[in-house]
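Coordinates in review
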Amino acid sequence: MKIEVLVADESHAKFAQAICDEGFVSAQERGTGIAKRTPEYIIEKMKAGKAVIAIADGEEFAGFSYIESWGGKQFVANSGLIVAHKFRGLGLAKSIKKRIFDLSREKFPEAKIFSITTGAAVMKMNYSLGFRPVPFSELTDDPEFWKGCQGCKNYHILEENNFQRCICTGLLFDPKEHITITVE
């Protein structure tokens, strides 16, 4: 079986419903919150070149993630990382996470990249890419971002804490903390 991880485009719109369904089922199984997304939203990300999809044997959805910019493009969120059940345990999540991170850096090289998660595996992947845990106050203050959390079953916790705390952990990659020195 060949699994390809690539930047999604319009041709992948046929997988949007499967992506949404997989995200919903996975959140229920884990008993954690996840912001629900519509197929139309997923397709919008694909058309804009702001999504990564994993395709098995050229025809089957295997995994997905997308990016969104906030706060005047000062922040970019890596969101919606999901691997279809059939393809779990193959290291695919790491490949998708690395590609969505690289896409974020390509599209928004100066932006701080953030992720919020309840999953230890996602935290570990983020740490390996140079993310650090931060309080929500270091993430975007763009109210539109926090509206995206309304589909999560834990939204009331976030709201009760004035959008400063929830059960998710905020993780941040600041490109200014990761400089590359080239010696000639």
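My aim in this report is to walk through the structure given alongside it, one point at a time. (Residues numbered from 1 in each chain as written. Predicted model: local features only at pLDDT ≥ 70, side-chain atom pairs only at ≥ 80, totals over all residues. Heavy atoms only, no water.)

Details of the overall build of the protein
Keep this limit in mind: The secondary structure listing takes helices from DSSP runs of H or I that are at least 4 residues long and strands from runs of E that are at least 2 residues long, numbered from the N terminus. C-alpha atoms define the radius of gyration in this analysis, and the globule rule sets the expected value at 2.2 Å times the number of residues to the power 0.38. Relative accessibility decides the category of a residue: with a 1.4 Å probe and only protein chains considered, values under 20% of the type maximum give buried, values over 50% give exposed, and everything between is partly exposed. For this analysis, residues touch if any pair of their heavy atoms sits within 4.5 Å. Under the convention used here, a 1.4 Å probe and the Shrake-Rupley method define accessible areas, while residue burial counts only the protein chains that appear. His is not counted, nor are the chain ends; Lys and Arg add positive charge and Asp and Glu add negative charge. One atom stands in for each charge, and that atom is NZ of Lys, CZ of Arg, CG of Asp or CD of Glu.
Along the backbone of the protein there are six helices and seven strands. Along the protein, helices and strands appear, N-terminal first, in the series β-α-α-β-β-β-α-β-α-β-α-α-β. Taking 2.2 N^0.38 as the reference for a compact globule, 184 residues should give roughly 16 Å; the C-alpha atoms of the protein span a radius of gyration of 16 Å, in line with that estimate. With the principal axes as the frame, the protein shows a C-alpha extent of 55 × 40 × 30 Å. The buried share among the 184 residues of the protein stands at 45%. Pairs at least 24 residues apart make up 68% of the contacts formed inside the protein by residues separated by at least 6 positions. With the model as given, the accessible surface of the protein reaches about 9900 Å², and the carbon-plus-sulfur share is 51%. Counting 24 positive and 24 negative side-chain charges, the protein places the averaged centre of each group 3 Å from the other.

Description of the environment of R165
Take R165: it is sitting in the loop between α6 (155-160) and β7 (169-173). Distance from R165 to E29, taken between C-alpha atoms, is 23 Å for residues 136 residues apart in sequence. If near-sequence neighbours (up to four positions away) are discounted, R165 is found in contact with F136, I157 and L158.

Details of the pairing of strand β4 (residues 75-83)
We apply this condition: Whether two strands pair depends on DSSP finding at least two bridges between them.
Across the nine residues of β4, seven count as buried, placing the element largely inside the fold. As judged from the seven bridges shared by strand β3 (residues 60-70) and β4, these two strands associate in the antiparallel manner. For S69, the partnering residue across the bridge sits in β4 and is V76. Hairpin remark: β3 followed by β4, antiparallel, with four residues in the connecting loop; positive phi at G71, about 60°. As paired strands, β4 and strand β5 (residues 112-117) are joined by three bridges and run parallel to one another. When the sheet's bridge partners are listed, F75 is paired in β5 with K112.

Observations regarding the packing of aromatic side chains
Rules: Pairing of aromatic rings covers Phe, Tyr and the six-membered ring of Trp, with a centre-to-centre limit of 6.5 Å; geometry is then stacked below 30 degrees between planes, edge-to-face above 60, and tilted otherwise. Here, over-ring charges are defined by two tests on the NZ atom of lysine or the CZ atom of arginine: distance to the ring centre within 6 Å, and angle to the ring normal within 35 degrees.
On inspection of all chains with the given rule, the structure shows twelve aromatic pairs. The interplanar angle of 55° and the centroid separation of 5.8 Å between the aromatic rings of F101 and F131 together place this pair among those described as tilted. Taken together, the residues F101 in helix α3 (residues 92-107) and F131 in the loop between α4 (120-128) and β6 (132-134) connect sequence positions 30 residues apart. Across the pair, exposure class does not vary: F101 and F131 are buried alike. Ring geometry for F131 against F173: centres 6.0 Å apart, planes inclined by 50°, an arrangement best described as tilted. Note that F131 is positioned in the loop between α4 and β6 and F173 in strand β7, a separation of 42 residues in sequence. By relative accessible area, F173 is classed as buried at 5%. By the ring-pair criterion, three or more aromatic residues cluster together here, those being W70, F75, F114, F136, F145, W146, Y155 and F163. In this structure, R37 packs its charged tip against the face of Y41, placed 5.1 Å from the ring centre.

Remarks on the nonpolar core
The line we're drawing: Remark: nonpolar core denotes a set of buried residues (Ala, Val, Leu, Ile, Met, Phe, Trp, Tyr, Cys) joined through side-chain atoms within 4.5 Å.
Counting residues in hydrophobic clusters, the biggest one holds 36 residues, and the most contacted among them are I19, M46, I53, F61 and F64. Sorting the residues of this core by element identifies α1 (16-30), α2 (39-47), β2 (51-56), β3, β4, α3 and β7 as the ones contributing at least two each. Those residues within four positions of M46 in sequence are excluded, and the remaining contacts are A8, D9, E10, H12, A13, I19, A51, I53 and F64. If you look at the next biggest cluster of nonpolar residues, it comprises 13 residues, including W70, A77, Y155 and L158.

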